[in-house]
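Take a look at the letters that make up each chain.
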Amino acid sequence: MRNNYANTAQLKELMTAPPMTAARHAEVMRQRNARRRMLEEAREAKKADDPFDGDKR
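All figures in this text were calculated on a predicted structure; none of them were measured in a lab.

Parameters at a glance
- Residues numbered from 1 in each chain as written.
- Predicted model: local features only at pLDDT ≥ 70, side-chain atom pairs only at ≥ 80, totals over all residues.
- Heavy atoms only, no water.
- Helix = DSSP H or I, 4+ residues; strand = E, 2+ residues; numbered from the N terminus.
- Buried < 20%, exposed > 50% of the residue type's maximum accessible area, 1.4 Å probe, protein only.
- Salt bridge = Lys/Arg side-chain N within 4 Å of Asp/Glu carboxyl O.

Asks: Just to check I follow, could you spell out the overall build of the protein for this structure?
Replies: Broken down by element type, the protein carries two helices and zero strands. Taken over 57 residues, the protein has a buried fraction of 2%.

Put into structure tokens, the structure is as follows:
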């Protein structure tokens, strides 16, 4: 579970920060997608390699 209290920034700092640029947002989203893809591929590889996950006879 994610810790909602990990960010210790003051509200004023958060509200007066400049917005993220479109280029930065695109970069962040590409990184997030790449991380998610790597995790999904690792899960699939682990499931394919698990000898006890197949037939349950």
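Still more to cover.
Asks: Just checking my understanding: could you explain the pattern of salt bridges for this structure?
Replies: Between side chains of opposite charge, a pair can form when the charged atoms approach closely. Applying the stated criterion across every chain yields a total of two salt bridges. Between Glu 27 and Arg 24 there is a salt bridge, and its shortest N-O distance comes to 3.4 Å. Residue Glu 27 and its partner Arg 24 are both found in helix α2 (residues 22–49); the two are separated by three residues, about one turn of the helix. You can call Arg 24 partly exposed: its relative accessible area is 39%. The partner of Glu 40 in a salt bridge is Arg 36, with the nearest N and O atoms 3.6 Å apart. Of this pair, Glu 40 and Arg 36 both sit in helix α2, four residues apart, which is roughly one turn of the helix.

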